[in-house]
Each structure stands twice: as structure tokens, then as C-alpha cells.
Amino acid sequence: MQIESQQHRIPPTTNVQPEARIQIETTLTTKRFVIGLFTFLFCFHLFLITALTVYLIVQGIIHYKAHHQRHFHPTKWYHPLLSSTVCAAILSVAWQGITGCYPSKAFKAVFWLGPILTGAVALLHLLIGTSVNFTIGVATLIFSLTMSLYGCWVNSRLVYAIRVLILSSSPPPTKPTFLILLSILLGTLYSGFMVIGIGSALASRTKLNSVYISIILLSLAWTMLVIRNTMLASMSRVKYMFVAYMVDLKTSLALCDTLKHLMGSICIGSFLVPILGTMWGSARCIDLLQEGPNELCCSCAKCYTCCASTLVMYGNRWGFVHVGLHNKSFVQASKYAWDMFKKNGLESVIDSDLTSSFCFISAVTVGAISSLVSGIWALVVHKSYATELSLYAFIIGYLISRIAMAWQQACIAAYYVAYAENPENMEFDSTIPDRIQRLQRLQACI
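Since this is a predicted model, take the numbers as computed values, not measurements.

On to the overall build of the chain, then. Helices and strands together make up the secondary structure of the chain, namely 17 helices and zero strands. By the compact-globule yardstick of 22 Å for 446 residues, the chain fits well, its C-alpha radius of gyration being 23 Å. Principal-axis analysis of the C-alpha atoms gives the chain an extent of 75 × 50 × 50 Å. By residue count, 49% of the 446 residues in the chain fall in the buried class. Residue pairs in contact within the chain that sit at least 24 positions apart in sequence constitute 80% of those at least 6 positions apart. Roughly 21700 Å² of accessible area belongs to the chain as shown, and the carbon and sulfur atoms make up 69% of that amount. Taking the 31 positively charged and 18 negatively charged side chains of the chain as two groups, their mean positions are separated by 13 Å.

In C-alpha cells, the structure reads:
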């Protein structure tokens, strides 16, 4: 079967009225402009952040040598953080392998490993002893307890989630291990480069240290999400083509098409999904707690939930499947995928999907281990560095693990999207229809 090209395709307009033709051409022009703009902004931002990091490195070296300063100790600052970065990469590779070989055990284990290790991070900050660390420690402890309660609450949904994960990720096609390792390596190297920039900013002691570090961290988050979502779009295309059409497409070919034609949409998605996903997640939590005597609060909660539910239609991770498949704009692809879910009664299934929670808590677990490695090391060699190093290590470990888990999320996304487009496909068993019926029965009982 011939695979669709990822080139921009213009719909035929020969039989279209002039007004409609103008509207189509205007829409396509706007789409290309926005996609091109985000591609340019991402590439330009990489150039600027590289220039900024090199500038900070030079300034840090000059300032360090000129003043023989003792406030910054490079070996005591860099060694714990760079070691925890490497540790995060190794753990991410190991967890990817464990999830692939033992998905059921990995799925169950992460829901108790995450809270335990996050609680250990909270204990670390309480041991450091400052008022800032006490606040961080208490907040982290609350987060750990929340994850524990969430794990108990979703325990009845684990069997279905594990079943879908096994069905969607089982070969063919085979897992692109080399590309996964390459993406993790790229993320690790970029994180290391940003770590050097942060340390150089601290060494130079400029008045804009906090601004420089904030810019570097924002750049790190966006770039790592772009790496992850590039792999997500490429691998979900490969999985979808096999599930829907029994076509075994090479992942390397899909990745090349993505890099050539789709980076603008992926940059847009990498910017929108974290924001809209956070809004949607918070709306789901508020929805569970909105019943109460205060009608004003209930009304505001319902309004926020409605807004979040509407916005997530225009920016969700399922859209990356159609970005990779048909070169649609990210917003258009997200809306199409969500409309297909609604049409086939999958909205409640997607709403209760645990794959995103599994990947999130997996990333939190890796981030917590990285934070413990860096924080405990700093606590031993230089206590004043422990707070910042543990926080930086957590962020880096979390982001590297998100890259590593792109394969699982790509498989799940492609599986659901393929089902929504053709539920009668013989490749699907009764797992999803049975789940839809069960959720409908539960809804009817409420």
C-alpha cells in the first residue's frame, strides 16, 4: 500500500464557488503562516539560548578567575547535578525496558513507588531545615499523599488500563529501541548543556541571575517536550498505519517526514498541551468536589469545568496522531480526534484513561530519584546547594523520563484514534466496547 506523502496538500478548488475558494486559500495561508512562525520561533529560540549559555559560560569563567571567589564551588555544584542527570537517563532507559517486558508489574508498581519516593524527597527538604525547605517539604508531602489516595481510587481501573497497554504496545511493529535511546541521549546532552549554563549564571553573580535561570529552565522544558512530541507523532503514525491498514512503516522514515514537514505543528502542540492538559486535569478534580452549599462556588466550578472541557478539544495529545498522519495543523488534528471520540462514545473512556497518569507518575518517580541523588550528595558536601540542586535534578529527571515514555503514549494514542475511526476493524477485540458498556452502566446507576 502506498503511504501518504507529508507534503502540504491543497484541496481541489476547481468546482468550488469563488467565495469558498478564497476562504479555503485564506485558511491554508493562515495555517502555513502560523506553523512557519512557530517553527521559526523554536529555531530562533534555540539559537538565542545557545548564545546566552555560551555568554554565561564565558562570563562565569572570567569572573571566577578574576575574583578567586569562594561563594561558588564548581565541583561541589556540578558533580551532583550532572551525575543525577546521567542517573535519570539510565533510570529512564531501565524503566522503559521494564515497562516493555513486564507492563502489568510496572503499571502496578509505579502507583506505590511514586508516592514513597516523593515522600522521601519531602523528608530530604525537611532535614535541610530552612523555612523555604520546610514549605517545599510540606507541599511535596501533600503531593505524595495525594498520589497515594489517587492510586487507591483508580485501583479498580488498573486491569483495563494494563490490558489496553499490552494490546496497543505489543508488536508488530517492533519498538524502535534505537530511536528511543537516541532521543533520551539527545535530551540528556541538552539538559547537561543547560546545567552548565545555570551554573555559569550563578558563578558570574550578575543581577539578572534569576532571569537567566528562569529563561534557561523554560527553554529546557519546551525543547524537551518538542523532542518527546516529535517521537510521539512519528511513532504513533507507525502504530496507526499497522493497526488501521496492516502497513509496516519504518519509524526512521516517519521521523524524517516529521522533522521535514511537521515541526511547526509539534512546537505549537508542545506549547499548548501542558497548559490545556493542566486546566483539564484541575477541572476534573474540581468537578469531583463541586457539590456543596455555596451556589456561587458551584456555579464558578461548573463554568471553569465547561471552559476547560471546551479548550481541551483544541489542544490534546491525541492530536499528534493526525499531525503525524495527515500533516494537519495541531488544533485541527486535536479537534478531529476529539470529535471522533465523541461520535463513537469514547469520551468517558478517554476521560478515565490511566495511561497519562502512568507516564506522569513514572516521570515523577524518576525525577524523585534524581532529586534524592543530587540533594543527598549536596547535603553531604555543601549543604547550601542542596535545595536548588534537588529541584533542578527533579525537573531534569522528570523531563528525560517523559521522553522515554513516548513509545507507550504513542501506542495508546494510535490505538484509540484508530478504533474511533473504525470500530469495526477486525484488529480490535471486545476490550474497548466492554469498557464503554461498563461505564454506561455505572453512569446509569448514578
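There's more to say after this.
The subject of this paragraph is the pattern of salt bridges. Charged atoms that come close allow side chains of opposite charge to pair. All chains considered together, the criterion is met by four salt bridges. For Asp353, the salt bridge is made with Arg317, and the minimal N-O distance between the two is 3.0 Å. Taken as a pair, Asp353 in the loop between helix H13 (347-351) and helix H14 (355-381) and Arg317 in the loop between helix H10 (295-311) and helix H11 (319-326) lie far apart in primary sequence, 36 residues in all. Judged by its relative accessible area of 6%, Asp353 is buried.

Moving on, we come to the packing of helix H6 (residues 177-204) against helix H15 (residues 386-404). Orientation of H6 relative to H15, taken along the N-to-C sense of each, is 160°, at an axis distance of 9 Å. Taken together, H6 and H15 sit at an angle that is classed as roughly antiparallel. The handedness of the crossing between H6 and H15 comes out as right-handed. Residues Ile180, Ser183, Ile184, Gly187, Thr188, Ser191, Val195, Ile198 and Leu202 of H6 form the contact with H15, whose participating residues are Glu388, Tyr392, Ile396, Ile400, Ile403 and Ala404. Here the contact of H6 with H15 is built from residues that sort into 10 nonpolar, four polar and one charged.

The next thing to look at is the environment of Thr99. Following the sequence through the fold, Thr99 ends up in helix H2 (residues 74-101). A C-alpha to C-alpha distance of 8.7 Å links Thr99 and Gln408, two positions 309 residues apart in sequence. Other than its neighbours up to four places away in sequence, Thr99 contacts Ala106, Leu165, Phe358, Met405 and Gln408.

What follows covers the confidence of the model for the chain. Per-residue pLDDT for the chain averages 89, and the proportion of residues at 70 or more is 92%. When mean pLDDT is compared element by element in the chain, H15 scores highest at 97, while H10 scores lowest at 77. When the criterion is pLDDT under 50, residues 1-14 qualifies, and its contacts beyond four places in sequence or with other chains add up to 31 contacts.

Another aspect to go through is the side chain of Gln408. Within the fold, Gln408 resides in helix H16 (residues 406-421). According to the relative accessible area criterion, Gln408 is buried, its value standing at 3%. In terms of polar contacts, Gln408 uses its side chain to reach the side chain of Gln96, at 3.0 Å. In contact with Gln408, not counting residues within four places along its chain, are Gln96, Thr99, Gly100 and Leu165.

To continue, consider the nonpolar core. Counting residues in each nonpolar core, the largest one holds 62 residues, and the members touching the most others are Trp77, Leu81 and Ile266. A per-element tally of this core places helix H7 (residues 209-245) first, with 12 residues. Not counting residues up to four positions away in its chain, the partners in contact with Trp77 are Phe72, Val195, Ile198, Gly199, Leu202, Tyr385, Glu388, Leu389 and Tyr392. Within the second largest apolar cluster, 52 residues are counted, among which are Val110, Trp280, Trp338 and Tyr416.

What follows is about the packing of aromatic side chains. Scanning all chains against the criterion turns up 23 aromatic pairs. Arranged with centres 5.5 Å apart and planes meeting at 90°, the rings of Trp318 and Phe341 form a pair that is edge-to-face. Here Phe341 lies in helix H12 (residues 330-343) and Trp318 lies in the loop between H10 and H11, a separation of 23 residues in the sequence. Of the two residues, Trp318 and Phe341, both sit in the buried class. A relative accessible area of 1% means that Phe341 is categorised as buried. What links up through ring pairs into an aromatic cluster is the set Phe72, Trp77, Tyr78, Tyr385 and Tyr392.

Here the focus is a nonpolar patch on the surface. A contiguous nonpolar surface patch, about 760 Å² in accessible area, is contributed by Phe33, Val34, Leu37, Phe40, Leu41, Phe44, Phe47 and Leu48. Along the chain, Phe33 turns up in helix H1 (residues 18-67).

Here the structure, examined in full by the defined rule, presents zero disulfides. No disulfide involves Cys43; its nearest neighbouring cysteine sulfur is the one of Cys267, lying 7.0 Å away. Residue Cys306 stays outside any disulfide, its sulfur separated by 5.8 Å from that of Cys307, the closest cysteine.

Moving on to the side chain of Asn133. Structurally, Asn133 is set in helix H4 (residues 131-153). The class of Asn133 is buried, set by a relative accessible area of 2%. Setting aside residues up to four positions removed in sequence, Asn133 forms contacts with His125, Leu126, Ile128 and Thr387.

About the criteria used
Residues numbered from 1 in each chain as written. Predicted model: local features only at pLDDT ≥ 70, side-chain atom pairs only at ≥ 80, totals over all residues. Heavy atoms only, no water. Helix = DSSP H or I, 4+ residues; strand = E, 2+ residues; numbered from the N terminus. Rg over C-alpha atoms; globule rule 2.2 N^0.38 Å. Buried < 20%, exposed > 50% of the residue type's maximum accessible area, 1.4 Å probe, protein only. Contact = heavy atoms within 4.5 Å. Areas by Shrake-Rupley, 256 points an atom, 1.4 Å probe, with all protein chains shown as cover. Lys, Arg positive; Asp, Glu negative; His and termini not counted. Charge placed at Lys NZ, Arg CZ, Asp CG, Glu CD. Salt bridge = Lys/Arg side-chain N within 4 Å of Asp/Glu carboxyl O. Axes fitted to C-alpha atoms, helices over the stretch in contact; angles between N-to-C directions. Parallel < 35°, antiparallel > 145°, perpendicular 65-115°, else oblique. Left-handed = near helix turned anticlockwise from the far one by under 90°. Nonpolar A, V, L, I, M, F, W, Y, C, P; charged D, E, K, R; others polar. pLDDT = per-residue confidence, 0-100. Polar contact = N/O pair within 3.5 Å; in protein donor to acceptor, adjacent residues only side chain to side chain. Core = buried A, V, L, I, M, F, W, Y, C linked by side-chain atoms within 4.5 Å. Phe/Tyr/Trp six-rings, centres within 6.5 Å; stacked < 30°, edge-to-face > 60°. Patch = residues over 30% accessible without salt bridge, like charges linked within 9 Å, V, L, I, M, F, W, Y side chains within 5 Å. Disulfide = S-S within 2.5 Å.

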